[in-house]
Amino acid sequence: MKLAAALFLLSLGSASAFAPNARGAVAKRQVAGKSTTSFAAVASYAKDPSTVPQFADYGKNVFTGKVADGYLQKHGVSADILKDHTWVKDEEKADIIAAAILEWATDNGADTYCHWFQPMASSGFRHGQTGQVYNMMLKFDNDTNELKFDFDGDALTKGETDGSSYPNGGLRDTHCAGGYLALDTSSPIFLRDGVIYMPSVFVSYYGKSLDEKTPLLRANDAMSEHGSRLLKHLGYDAEATGGLKANIGLEQEIFLVPREEYYRRPDLQFTGRTIMGKLPARDQEMCDHYMAPLTSHTPALACMKEIQDECFKMGIPLKTRHREVAPGQFEFAPLYGINTVQIDQNLVVMQVIEEVAAKHGLAALLQEKPFAGINGSGKHNNWSLSTSSDVPLFLAGPINKATGNDMAFPVIMAAVVAAIDEHGDLMRMAIASPGNDFRLGAMEAPPAIISTYLGEDLTSYLEKFSEGEVEGYCPKKIDLDLGVKNICPIKAPAEDRNRTSPFPYGGARFEFRAVGSAQNVSMVNTVLNTMCAEKFKQFADRIDAGEDAEDIAREALKKHFKVVFNGNSYDEANQAMLTEKGLSNIPSGVEAIHVLSDEKNVNLFESMGVMSPEETASRETVLHDHYTGTVEVEAGTFIDMINQHIIPSVKAAGQGPLAELEGTIETLKSALSEIHGTEDLYEKAKLARVLRLETMVDIRAICDLAEETVPADLWTLSTYKELLFLDSH
């Protein structure tokens with residue numbers, strides 16, 4: 001990116017950072033207005049950021065762009081070779097690229113490589129959420145005892161490992177343990193701590209997907225194929241210019257707590273959340289933590305800066321950092337990018353966060369709801385579609401101009417609205433991580449009812465379009481006059497930020513706000529791309545058969561417009577109204593996961609070539625097993641905490657609910673025994689849900705009463721006060 005564009009991007013709101021060409025459109029408007037002089041001044045500032053010490057290492061540890069080009073040119077090719085992803089099938093090209101990577105790696109102190117892949121159901125437990133086997137880039141001559149480098153195109157593009165201990169959901173038999181790896185060329189190779197990591201897919205001996213990434217790559221292809229077909233009917237040949245791509249930007253929320261207090265909480269260590277704990281006299285009611293200064297009197301600032309520095313070296317554009325609403329809560333946000341790259345980078349970010357936090361005497365909590373009574377953490381998935389040349393599909397001006405068709409935008413939006421309405425159940429399934437059960441709809445995240453906010457301006461336009469009006473959409477800008485002479489008036493966009501909507505439109509992008517902080521968001525984006533691919537295909541098929549695109553779009557809007565809701569989704573009356581309208585409403589994650597076996601959804605994934613029926617069924621099996629396993633760990637930890645900490649503290653104090661506490665042990669053990677004795681995985685998960693959301697909640701109240709009763713010097717577990725208030729220590 002040129003310096004002028006980079007500096008100009010700094011002046012935009014964070015929303016603009018998540019949609020392609022939003023900055024270009026803004027830049028043109030600014031230049032056309034009164035800010036031409038200031039923009040010219042920015043453009044004339046010619047200093048290269050890489051000459052500034054704090055930015056000098058940006059991207060040095062990722063094999064792409066100038067870094068890759070410098071090494072590839074030594075071997076007679078340029079970085080353009082990487083843009084044609086078919087190089088993996090050309091042995092000669094693969095060997096050339098491998099030689100360049102080997103030189104880059106050794107120049108930067110690396111001596112090891114690994115195929116880096118994403119097993120299913122890793123959130124909440126597996127550090128880094130990835131699988132990897134490290135191989136030295138050496139071979140050993142047994143005759144001479146000499147070392148030689150050993151890294152060629154074959155080692156780069158494919159690998160094999162033991163797949164026996166990864167979740168598979170029935171996709172392989174016990175005696176079929178082979179796991180096969182193939183390089184994902186959509187995401188760049190990166191280097192960290194002396195190892196080069198090669199993003200890969202992971203499949204069984206029979207080619208069934210055992211990972212999170214393979215279905216996403218297939219969904220990307222389906223969306224590009226059928227979206228390109230639709231765009232061609234609307235006037236733009238996307239296929240001729242490389243098809244379509246899905247871009248996302250992932251906002252990552254976390255908690256940082258003192259590590260010495262973390263070690264005094266077995267529940268945080270084993271489960272990532274506090275399964276008991278009394279709220280202190282002060283929590284988040286004053287909202288004093290939100291975007292307050294990141295000061296040097298706590299280790300949080302130094303920790304966050306080092307996290308950014310580590311990520312910058314790997315070319316991860318972790319642009320934004322700030323405090324979040326709850327005490328001890330923080331957020332990072334990157335610039336948007338291609339979904340596979342962003343997901344890979346987000347997994348790296350989460351791993352770096354945990355590791356760097358430990359160096360600063362902190363523990364990073366990624367789970368969605370580490371503490372009861374205060375906000376949990378999300379990972380807003382800002383999703384957009386664009387052509388390969390960065391023309392955004394969800395922004396009226398650019399897409400209408402590219403197609404030469406003012407009706408292109410409403411046709412595309414009609415397809416998306418229809419997809420949301422028909423597949424709200426799958427959207428809910430995609431966010432059914434165990435931690436989200438405590439978070440959705442709790443005045444901190446949208447409810448489980450899936451609707452979309454479009455803003456009054458766009459809603460009104462689409463309503464008129466559905467009734468036959470044929471003008472192009474020109475979003476209005478709202479002038480906010482602050483009544484102060486020396487302050488520039490603010491131009492607000494047509495859409496407000498509706499934080500109560502699960503899937504609000506924000507100009508060029510939709511923000512899936514309900515995604516959980518600990519999730520690998522591959523399934524989220526697999527669902528979004530697959531459901532839109534299906535709608536694009538249906539529209540294109542009907543146009544192929546002679547129907548008019550605008551008539552198809554109007555019919556879709558009239559049928560599915562009930563999914564558009566611009567009001568307060570937290571309001572219980574509105575939730576009841578939306579449910580009565582027939583919108584998808586699945587409160588429990590266990591039931592949401594079960595929709596994967598619905599015929600509609602099995603057919604969707606199969607027809608789009610994203611997952612076979614067996615692969616879809618395996619996801620339900622794995623996710624239910626993951627949920628049940630999570631609850632089993634939580635309940636077992638709860639038993640130990642009651643026996644080893646809470647009951648002894650109550651006895652030492654000579655006061656508190658001792659009899660009730662002693663009775664809880666048998667209750668928990670009995671519930672676990674019933675789960676263990678149930679064969680059907682869905683039934684096991686339903687029992688686990690009751691144990692977690694009902695039985696353990698009731699027992700928690702008894703434990704919190706004990707904490708309230710026992711003197712502080714006799715209480716052996718870290719309290720919320722000790723965990724959450726870094727600034728007060």
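In what follows, the structure referred to is the one given above.
Values in this document were obtained by computation on a predicted structure and should not be read as measured data.

Student: Any chance you could break down the pairing of strand E1 (residues 112-116) for me, citing the residues and the numbers?
Tutor: For E1, the tally of buried residues reaches five of five residues, placing the bulk of the element in the interior. Burial along E1 is two-sided: the face carrying Thr112, Cys114 and Trp116 and the face carrying Tyr113 and His115 are both buried. Note that E1 and strand E2 (residues 135-136) share two bridges and pair antiparallel. Considered in E2, the bridge of Tyr113 is made with Asn135.

Student: Help me get a handle on empty space enclosed by the protein, residues and values and all.
Tutor: Applying the stated criterion to the full structure yields four cavities of 30 Å³ or more. What lines the largest cavity is a set of 24 residues, and nearest its centre among them are Ala121, Glu212, Gln519, Met523 and Leu623. Listed by contribution, the elements that provide at least two residues to the lining of the largest cavity are helix H14 (424-430), helix H16 (522-544) and helix H21 (613-653). Counting residues per element, the lining of the largest cavity draws most heavily on H21, which supplies five residues. Of the residues contributing to the lining of the largest cavity, the split by class is 13 nonpolar, eight polar and three charged. Space inside the second largest cavity adds up to approximately 100 Å³. Along its surface, the second largest cavity is lined by 13 residues, and Ser123, Gly124, Gln367, Pro434 and Gly435 are the ones closest to its centre. Ranked by the residues each element gives to the lining of the second largest cavity, the list is headed by H21, at three residues.

Student: So what about helix H13 (residues 408-422)? Which residues, and what values?
Tutor: Along its 15 residues, H13 runs 22 Å from first to last C-alpha, staying within 8% of the 21 Å computed at 1.5 Å per residue. Most of H13 sits inside the fold, with 14 of its 15 residues counted as buried.

Student: Please set out the packing of helix H4 (residues 65-73) against helix H5 (residues 91-107) residue by residue, giving values where relevant.
Tutor: Here H4 crosses H5 at 115 degrees, and the two axes come no closer than 9 Å. When the axis of H4 is compared with that of H5, the two are roughly perpendicular. Crossing of H4 against H5: the hand is right-handed. Side by side, H4 and H5 meet where Val67, Tyr71 and Leu72 of the first sit next to Ile97, Ala100, Glu103, Trp104 and Asp107 of the second.

Student: Go over the side chain of Asn400 with me, naming the residues and quoting the values.
Tutor: In this structure, Asn400 sits in helix H12 (residues 396-403). Among residues more than four places away in sequence, those in contact with Asn400 are Asn405, Asp406, Met407, Ala408 and Phe409.

Student: Lay out the side chain of Lys535 in plain terms, naming residues and giving numbers.
Tutor: As for its placement among the helices and strands, Lys535 is situated in helix H16. Within the structure, the side chain of Lys535 is placed 2.5 Å from the side chain of Gln538, a separation counted as a polar contact. Contact partners of Lys535, with chain neighbours within four places excluded, come to Ala415, Ala418, Ala419 and Glu422.

Student: Can you explain unusual backbone geometry? Please cite residues and give values.
Tutor: Not every positive phi belongs to a glycine, and Gln129 is a case in point at roughly 55 degrees. On the secondary structure map, Gln129 appears in the loop between E1 and E2. Positive phi outside glycine occurs at Asn145, with the angle close to 60 degrees.

Student: Which residues make up a negative patch on the surface, and what are the values?
Tutor: On the surface, a cluster of negative charge is contributed by Glu91, Glu92, Asp95, Asp150 and Asp152. As for its position among the elements, Glu92 is in helix H5. Since its relative accessible area comes to 59%, Glu92 is described here as exposed.

Student: Talk me through the nonpolar core; I want residue IDs and the actual numbers.
Tutor: Counting 91 residues, the largest nonpolar core has Trp383 and Phe394 as the members making the most contacts within it. Phe394 has contacts with Trp383, Ser384, Leu385, Phe409, Ile412, Met413, Val416, Tyr505, Ala508, Arg509 and Phe510, leaving out every residue within four places of it along the chain.

Student: Any chance you could break down the pairing of strand E9 (residues 244-250) for me, citing the residues and the numbers?
Tutor: The element E9 is largely enclosed, with a buried count of seven among its seven residues. Neither face of E9 is open: one carries Leu244, Ala246, Ile248 and Leu250, the other Lys245, Asn247 and Gly249, and all of them are buried. With seven bridges connecting them, E9 and strand E15 (residues 381-387) associate as antiparallel partners. The residue bridging Lys245 from the neighbouring strand is Ser386, located in E15. In the sheet, E9 pairs with strand E13 (residues 337-338) via two bridges, with the strands oriented antiparallel. Residue pairing across strands places Asn247 opposite Ile338, the latter belonging to E13.

Student: Can you tell me about the sheet that holds strand E14 (residues 362-365), naming the residues and giving the values?
Tutor: In space, the four strands of this open sheet follow the order E11-E12-E10-E14, with antiparallel pairing throughout. A single partner strand is all that each edge strand has here, and the edge strands are strand E11 (318-323) and E14. Taken pair by pair, the neighbouring strands of this sheet meet at an average axis angle of 30 degrees, ignoring direction. Pairing between strand E10 (residues 252-258) and strand E12 (residues 329-334): four bridges, direction antiparallel. Across the sheet, Ile254 pairs through a bridge with Phe330, a residue of E12. Sheet strands in contact with helix H10 (residues 300-313) are E10, E11, E12 and E14, and its direction is about 165 degrees off that of E11. Of the strands in this sheet, E10, E11, E12 and E14 are in contact with helix H11 (residues 339-359), which crosses E14 at around 150 degrees.

Cut-offs and rules
Residues numbered from 1 in each chain as written. Predicted model: local features only at pLDDT ≥ 70, side-chain atom pairs only at ≥ 80, totals over all residues. Heavy atoms only, no water. Buried < 20%, exposed > 50% of the residue type's maximum accessible area, 1.4 Å probe, protein only. Helix = DSSP H or I, 4+ residues; strand = E, 2+ residues; numbered from the N terminus. Pairing = 2+ DSSP bridges. 1 Å grid on protein atoms, 1.4 Å probe; cavity = no way out; pocket = protein on both sides within 12 Å on 5 of 7 lines; lining within 4 Å. Points joined across faces, edges and corners; volume = space filled by probe spheres on them. Nonpolar A, V, L, I, M, F, W, Y, C, P; charged D, E, K, R; others polar. Expected span 1.5 Å × (residues − 1). Axes fitted to C-alpha atoms, helices over the stretch in contact; angles between N-to-C directions. Parallel < 35°, antiparallel > 145°, perpendicular 65-115°, else oblique. Left-handed = near helix turned anticlockwise from the far one by under 90°. Contact = heavy atoms within 4.5 Å. Polar contact = N/O pair within 3.5 Å; in protein donor to acceptor, adjacent residues only side chain to side chain. Patch = residues over 30% accessible without salt bridge, like charges linked within 9 Å, V, L, I, M, F, W, Y side chains within 5 Å. Areas by Shrake-Rupley, 256 points an atom, 1.4 Å probe, with all protein chains shown as cover. Salt bridge = Lys/Arg side-chain N within 4 Å of Asp/Glu carboxyl O. Lys, Arg positive; Asp, Glu negative; His and termini not counted. Charge placed at Lys NZ, Arg CZ, Asp CG, Glu CD. Core = buried A, V, L, I, M, F, W, Y, C linked by side-chain atoms within 4.5 Å.

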